[in-house]
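Below, each chain spelled out in residue letters.
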Amino acid sequence: MQSLITCVLIIAFISPCLCHRWNVGTQNTIYNVIDFGAVGDGKTDDTQLQGVIVAPTKDAWVEGNLNTLIMISNVNGLTIDGSGGLIDGYGSAWWACKSCPRPSVLIINSCNSVSVTNLNMINSPKSHIHVNGCEGATFSHINISAPGDSPNTDGFDISTSKNIMIEDSTIATGDDCIAISGGSSYINVTGIACGPGHGISIGSLGKKFDTVQEVYVRNCSFIRTTNGARIKTFPNQAVEVSDVTYRGIHGTSLDGRAITLDCGESGCYGIVLDQINIVSCLTGKSASCFCNNAHGTATATNPNCTCLLP
Ligand SMILES: *[C@@H]1O[C@H](CO)[C@@H](O)[C@H](O)[C@H]1NC(C)=O
Ligand SMILES: *[C@@H]1O[C@H](CO)[C@@H](O)[C@H](O)[C@H]1NC(C)=O
Ligand SMILES: *[C@@H]1O[C@H](CO)[C@@H](O)[C@H](O)[C@H]1NC(C)=O
Ligand SMILES: *[C@@H]1O[C@H](CO)[C@@H](O)[C@H](O)[C@H]1NC(C)=O
């Protein structure tokens, strides 16, 4: 519990001196929150600083951890209630160079039983929240916002994690609202308003040996997104996709390509389409369904996907 409180406080207390101190690149400078008046007994509310945490400017970020602004590692039972506060990743200067290493705003690494709620986050240089190697985490009422053309600004990246819940949040980004990658299972996503962005994605899978299983995406909206619910695999790498159900999806498609089931040589099996109605925005043109080696069934589905193989 003590480490829990301390961790939250580090975030709170670092912020006023962030721009000034961080740039010196003194990675080993430790600001102990106890020295700043924190009690850390697990009961006292040590957070005094309400408001906005702003990342250092790109130029100030000459050394130090280029991976992330805030890293929380090996903490169990952590609760963060942002109380509606804001973290500004100050990403605009970073976006100009897409190939340069760019930091995420928050990495939660090897933490179990985490709860994060009531937090606003804007303009990350790269992904906003990266959850890696965690078991048991709930994120709710998170509002993430970055311009639709900002590169790689995923809302959430989930990797090698289990029992993760993301609910009742709004995500507007230039990349995936939520990306779930290898080694992840039991991921529930509900009540997300996504857009702009690239939708909610699994993958890309198959660069190395990867598995993702038991992902449930429910009651989400996709507005002005390039995709909705998507599974991405590397081409020519024989990734097996099976037992995927798309049910109760309604909406419009800008270019009419409503459903794409492009499965490569190994094929996908057990694809279930049910109660889907997607119409084309192009007047007089009906929406289409494309299949390649996709096996499964379609019921009450428009476009009807008669290209599905048994
Ligand atoms: C989310 O944050 C954006 C940018 O700060 C703001 O415009 C929007 O109103 C917020 N949405 C919600 C649901 O709080
Ligand atoms: C996630 O969804 C599955 C399928 O509905 C359900 O069995 C499971 O209990 C859910 N997990 C959480 C943490 O809500
Ligand atoms: C769906 O999500 C919205 C928030 O985006 C929520 O207000 C609504 O209650 C949810 N509906 C169900 C059936 O869970
Ligand atoms: C499927 O949709 C196409 C295009 O709208 C239509 O021509 C075809 O008759 C439909 N097939 C079935 C089995 O409903």
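These figures come from a predicted structure and were not determined experimentally. (Residues numbered from 1 in each chain as written. Chains lettered and ligands numbered in written order. Predicted model: local features only at pLDDT ≥ 70, side-chain atom pairs only at ≥ 80, totals over all residues. Heavy atoms only, no water.)

Examining the overall build of the chain
Thinking step 1. Along the chain, the regular secondary structure elements total 2 helices and 20 strands.
Thinking step 2. Relative to the compact-globule value of 19 Å for 310 residues, the chain shows a C-alpha radius of gyration of 21 Å, a close match.
Thinking step 3. In terms of overall dimensions, the chain has a C-alpha envelope of 70 × 35 × 35 Å along the principal axes.
Thinking step 4. Sorting the 310 residues of the chain into buried and exposed places 43% on the buried side.
Thinking step 5. Side-chain charges in the chain split into 16 positive and 24 negative, and the spacing between the mean points of these groups amounts to 6 Å. (Helix = DSSP H or I, 4+ residues; strand = E, 2+ residues; numbered from the N terminus. Rg over C-alpha atoms; globule rule 2.2 N^0.38 Å. Buried < 20%, exposed > 50% of the residue type's maximum accessible area, 1.4 Å probe, protein only. Lys, Arg positive; Asp, Glu negative; His and termini not counted. Charge placed at Lys NZ, Arg CZ, Asp CG, Glu CD.)

Examining the site of ligand 1
Thinking step 1. Around ligand 1, the structure places I122, N143, S145 and T170.
Thinking step 2. Between ligand 1 and the protein, one listed contact pairs an oxygen atom with a side-chain N or O atom of N143 at 2.4 Å.
Thinking step 3. When ligand 1 is considered free in solution it has 360 Å² of accessible area, and contact with the protein chains removes 34% of it.
Thinking step 4. The class makeup of the residues in the shell around ligand 1 is 1 nonpolar, 3 polar and no charged. (Near = heavy atom within 4 Å. Polar contact = N/O pair within 3.5 Å; in protein donor to acceptor, adjacent residues only side chain to side chain. Areas by Shrake-Rupley, 256 points an atom, 1.4 Å probe, with all protein chains shown as cover. Nonpolar A, V, L, I, M, F, W, Y, C, P; charged D, E, K, R; others polar.)

Details of the UniProt feature "active site" (unreviewed entry) in the chain
Thinking step 1. This chain's UniProt record puts "active site" (unreviewed entry) on H198.
Thinking step 2. Mapped onto the elements, H198 comes out in the loop between β11 (184-194) and β12 (200-205).
Thinking step 3. Apart from residues no more than four positions distant in its own chain, H198 is found in contact with G174, D175, D176, T226, N227, G228 and R230. (UniProt positions renumbered as here; feature names shortened; annotations may be inferred. Contact = heavy atoms within 4.5 Å.)

Structural notes on the state of the cysteines
Each disulfide consists of a covalent bond between the sulfur atoms of two cysteine residues.
Thinking step 1. In this structure the tally under the stated criterion is 5 disulfides.
Thinking step 2. Note on cysteine connectivity: C97 is disulfide-linked to C100, with sulfurs 2.0 Å apart. Handedness here is read from the sign of the S-S torsion; for C97 and C100, about 85 degrees, the answer is right-handed.
Thinking step 3. The exposure class of C97 is partly exposed, given its relative accessible area of 23%.
Thinking step 4. You can call C100 partly exposed: its relative accessible area is 30%.
Thinking step 5. Across the disulfide, C291 is cross-linked to C307 (sulfur-sulfur distance 2.0 Å). Of note, the bridge from C291 to C307 carries an S-S torsion of about 55 degrees and is right-handed in sense. In this pair, C291 is assigned in strand β19 (residues 288-292) and C307 in the segment after β20 (294-302), connecting sequence segments 16 residues apart.
Thinking step 6. On the basis of relative accessible area, C307 is assigned to the partly exposed category, the value being 29%.
Thinking step 7. Numbered by position along the chain, the disulfide-linked cysteines of the chain connect as 1-2, 3-4, 5-6, 7-9, 8-10.
Thinking step 8. C134 carries a free sulfur, and the closest cysteine sulfur to it, the one in C111, is 4.9 Å from it.
Thinking step 9. C220 takes part in no disulfide bond, and the closest cysteine sulfur, belonging to C194, lies 8.1 Å away. (Disulfide = S-S within 2.5 Å.)

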